[in-house]
Amino acid sequence: MINEKRLSSIRRILKHFLPQIRPQINLILLSFVALIGETVFRLLEPWPLKFIFDEIIYKGFQVESLKVPFLDNLNSFGLLSLLAVGLVAIAVLRGTMAYLSTTGMAVAATRIMSEVRANLYAHLQSLSLSFHHKAKTGDLITRVTYDIERLREVTVVAALPLLTNVLTMLGMLGVMIWLNLQLALIAIAIFPLFLLTTTAMSRRIHKVAKKQRQREGVMAANAAEAMGAIKVVQALSLQSMLEKSFAKQNKKSLKESAETQRLRAGQERTVEVLVAIATAIVLWRGVQLVITHAITPGDLLVFITYLKVAFKPMRQLAKYTGQIAKAIASGERVIDLLEIVPEVRDSRWSYAAPLFQGMIEFRDVSFAYENQANTLNNISFKAFPGQKIALVGASGGGKSTLVSLLLRLYDPLEGQVVIDGHNLREYTLDSLRRQISIVLQDSILFAASIRDNIAYGCVNATEEEILMAAQLANAHDFILDLPDGYDTVVGERGATLSGGQKQRIAIARAAIRKAPIVILDEPTVGLDNRSERIVTEALERLTYNSTTFLITHDLRTAKNADQIFYLEGGRILEQGTHKQLMNIGKHYATLYHLQQTVHVN
Ligand code: ADP
């Protein structure tokens, strides 16, 4: 039920969510007040019946004088009517209080969890690429949606009722002790027995539930992975293999789910029996006490009713602990994620970068991906404002890695990346990345209108800027030819665009930033000749005046660069203009000649 570990988990969750909880504190307090009100009315519930028993039925409908002063003048019939109305009034008031506390808590919980979800989402976006390369997308999505939802739900469907019930139970115990100590002690005696059994059982439920949650996360991740690569899966006929492994996980999850249900049902059964035993003992002793006039029949009635009502929470205690255990597991998974600190992040002393001139310098930069040999070794160069730098060399040489250091997607292991004389780390990430435009080989468009896709490049883009960017990118004309023009929705389930058209929209998105630094990662690969010409022309306009890094395999596009770096094994083997590298006559020249013959043939 409640043990040290569970308590510390709850403390951890509450502490983490405190900033979100604080603004809701008034609402939460109000719900508590209503909750206490509800408890009081619950305690009062059997009392009209007790009076009817003791004062009316027991005395043969002959009420002479009640001890209660202002009811002195009532006859039996009047009293009966009053008590009947009281019964209804208590029920109405109790219901209203319950309504208020549930609604209050539900609203508070929803507000808190939607804040937490927004934070989690923002946090995920801020985590470094090195994290995202390792993380499973499906698992992350489960945490943002499912786990958060369960945390919200559990406050209303389990935590709140649990609290109400514990309070009610304590209140009833108090009243029982006041009515008759001996009978109350019998009820209390059953407690330790109850606690022992349910604690042990809840611990097992918690364990199985957690395992099941983890498995579901893995399953979601696997499914997302397979769906994301469905083309490859089908092409390689991997369906049956994937289906088999999925079915295996699914079966295990099913087993664990059934096991949780079984454990929970077993727990409820135990509680039911304990309740019956307690009731039987109280009745057995209670009737003797009534006969010896130690208590009235009405008192015994209150006792029995209380026992039923006070033990009901116990039954539910058992039911809710399972749910709470699951929610705690969810909460921990959410917090585990929130506690991961982005490897690349702003430091306390970073400041917003001024508008860059575009002077870029790598000073003895080395870099390695996690647990791997160095991908970049002692890279040093200077790129002057407005220069075009071409990065060439075989795949795996480290070209993309080099530009990702410029974007500060990763931090170098050694050395410094310097822009306009300052280490990148001095600038805030946002102000740095905002001044760099990129166009990749396979540009990704979002499931949104073309207008929005272009505007994503710059937060406050005006309509005019969007049009100008599209014109610069040679995209304006074909966009106007689309069914809804700039409002045409692209991406998933949207209009399909050709590779060249996509690239041009990506160029427009890059152009709208008017960035002093541009990165092009094989932007024309896979395009037909005509598209390539149009895209290349757009790229020339995009990069005009910007310090540009162009990753390319096609040396014809590298030829006109101000500097060409030939990379291999994470080192710049050759560096210079086309002419200089041709004069060296080694790697670059060999590759160039090779490509020449291919193109000629
Ligand atoms: P290029 O762009 O020249 O083809 P890359 O910079 O993409 O080269 O890759 C350089 C090396 O780093 C390759 O060996 C590649 O396998 C490795 N690499 C690239 N990205 C990652 C990554 N996210 N995690 C681990 N290794 C990577």
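To keep things clear, this report deals only with the structure shown in the data block.

**So, the sheet that holds strand β6 (residues 436-439)**
In step 1: Read across the sheet, six strands follow the order β6-β7-β8-β3-β9-β10 without closing on themselves; strand pairing throughout is mixed. Strand pairing shows two members of the sheet lacking a second neighbour, β6 and β10 (571-576), which therefore form its edges. Adjacent strand axes in the sheet meet at a mean angle of 20° when their direction is disregarded.
In step 2: Running at roughly 150° to strand β8 (residues 547-551), helix α11 (residues 399-406) makes contact with β3 (388-392), β6, β7 (517-521), β8 and β9 (563-568) of the sheet.

**Section: the sheet that holds strand β2 (residues 374-383)**
The pairing of strands in a sheet happens through backbone hydrogen bonds and is either parallel or antiparallel.
In step 1: In space, the four strands of this open sheet follow the order β2-β1-β4-β5, with antiparallel pairing throughout. Since the sheet does not close on itself, it has two edges, and those belong to β2 and β5 (422-423), each with one partner.
In step 2: Bridge count between strand β1 (residues 360-368) and β2: six bridges; the pairing is antiparallel. Note on β2: the bridge partner recorded for Val-365 is Ile-379.
In step 3: Sheet strands touched by α11: β1, β2 and β4 (414-419). Its angle to β1, the strand with the most contacts, is close to 120°.

**Considerations on the nonpolar core**
In step 1: The biggest cluster of nonpolar side chains holds 31 residues, and the ones touching the most others in it are Ile-450, Ile-454, Ile-479, Ile-507 and Leu-542.
In step 2: No other element matches helix α16 (residues 499-511), which puts six residues into this core.
In step 3: For Ile-450, the residues in contact, after removing those within four places along its chain, are Ile-479, Leu-482, Gly-485, Tyr-486, Thr-488, Val-490 and Ile-505.

**Observations regarding helix α14 (residues 463-472)**
In step 1: When α14 is considered as a whole, its buried residues turn out to be Ile-466, Ala-469 and Ala-470. Angularly, the buried residues of α14 cover 100° about the axis, an arc narrow enough to put them on a single face. When the buried face of α14 is taken as reference, the exposed residues oriented beyond 90 degrees from it are Glu-464 and Met-468.
In step 2: Those residues of α14 that are buried lie in contact with α13 (450-455), α15 (476-481) and α16.
In step 3: Of the residues flanking the end of α14, it is Asn-474, one or two places downstream, whose phi is positive at about 55°.

**Looking at the pairing of β8**
In step 1: Among the five residues that make up β8, five are buried, leaving the element largely enclosed by the rest of the structure.
In step 2: With burial as the criterion, each face of β8 is covered, one bearing Thr-547, Phe-549 and Ile-551 and the other bearing Thr-548 and Leu-550.
In step 3: As defined by bridge partners, β3 adjoins β8 across four bridges and the pair is classed as parallel. Its bridge partner being in β8, Ala-390 is matched across the sheet by Leu-550.
In step 4: Tracing the backbone out of β7, into helix α17 (residues 529-543) and back to the parallel element β8 gives a crossover that is right-handed.

**Details of the environment of Gly-322**
In step 1: Positionally, Gly-322 belongs in helix α10 (residues 297-338).
In step 2: Using a relative accessible area of 3% as the deciding quantity, one classes Gly-322 as buried.
In step 3: On a C-alpha basis, the gap between Gly-322 and His-206 in space is 6.5 Å, while along the polypeptide they are 116 residues apart.
In step 4: Sequence-distant contacts of Gly-322, defined by excluding residues within four places in its chain, comprise Ile-205 and Arg-264.

**A few points about the pattern of salt bridges**
In step 1: The tally for this structure, following the rule as stated, stands at 25 salt bridges.
In step 2: Glu-45 is paired through a salt bridge with Arg-94; the nearest N and O atoms lie 2.9 Å apart. Placement of the pair is Glu-45 in the loop between α2 (25-44) and α3 (47-57) and Arg-94 in helix α4 (residues 76-126), with a sequence separation of 49 residues.
In step 3: Among the salt bridges present, the one from Glu-463 reaches Arg-451, with a minimum N-O distance of 3.0 Å. Separated by 12 residues along the polypeptide, Glu-463 in helix α14 and Arg-451 in helix α13 bring together distant segments of the chain.
In step 4: Take Glu-463: its relative accessible area is 38%, and that puts it in the partly exposed class.
In step 5: Its relative accessible area of 21% is what places Arg-451 among the partly exposed residues.
In step 6: What you see here is one network of salt bridges that share partners, running through Asp-139, Arg-143, Asp-147, Arg-213, Glu-216 and Arg-333.

What counts and what doesn't
- Residues numbered from 1 in each chain as written.
- Predicted model: local features only at pLDDT ≥ 70, side-chain atom pairs only at ≥ 80, totals over all residues.
- Heavy atoms only, no water.
- Pairing = 2+ DSSP bridges.
- Helix = DSSP H or I, 4+ residues; strand = E, 2+ residues; numbered from the N terminus.
- Axes fitted to C-alpha atoms, helices over the stretch in contact; angles between N-to-C directions.
- Contact = heavy atoms within 4.5 Å.
- Core = buried A, V, L, I, M, F, W, Y, C linked by side-chain atoms within 4.5 Å.
- Buried < 20%, exposed > 50% of the residue type's maximum accessible area, 1.4 Å probe, protein only.
- Arc of directions from axis to C-beta.
- Right-handed = clockwise from strand over helix to strand, strands pointing away.
- Salt bridge = Lys/Arg side-chain N within 4 Å of Asp/Glu carboxyl O.

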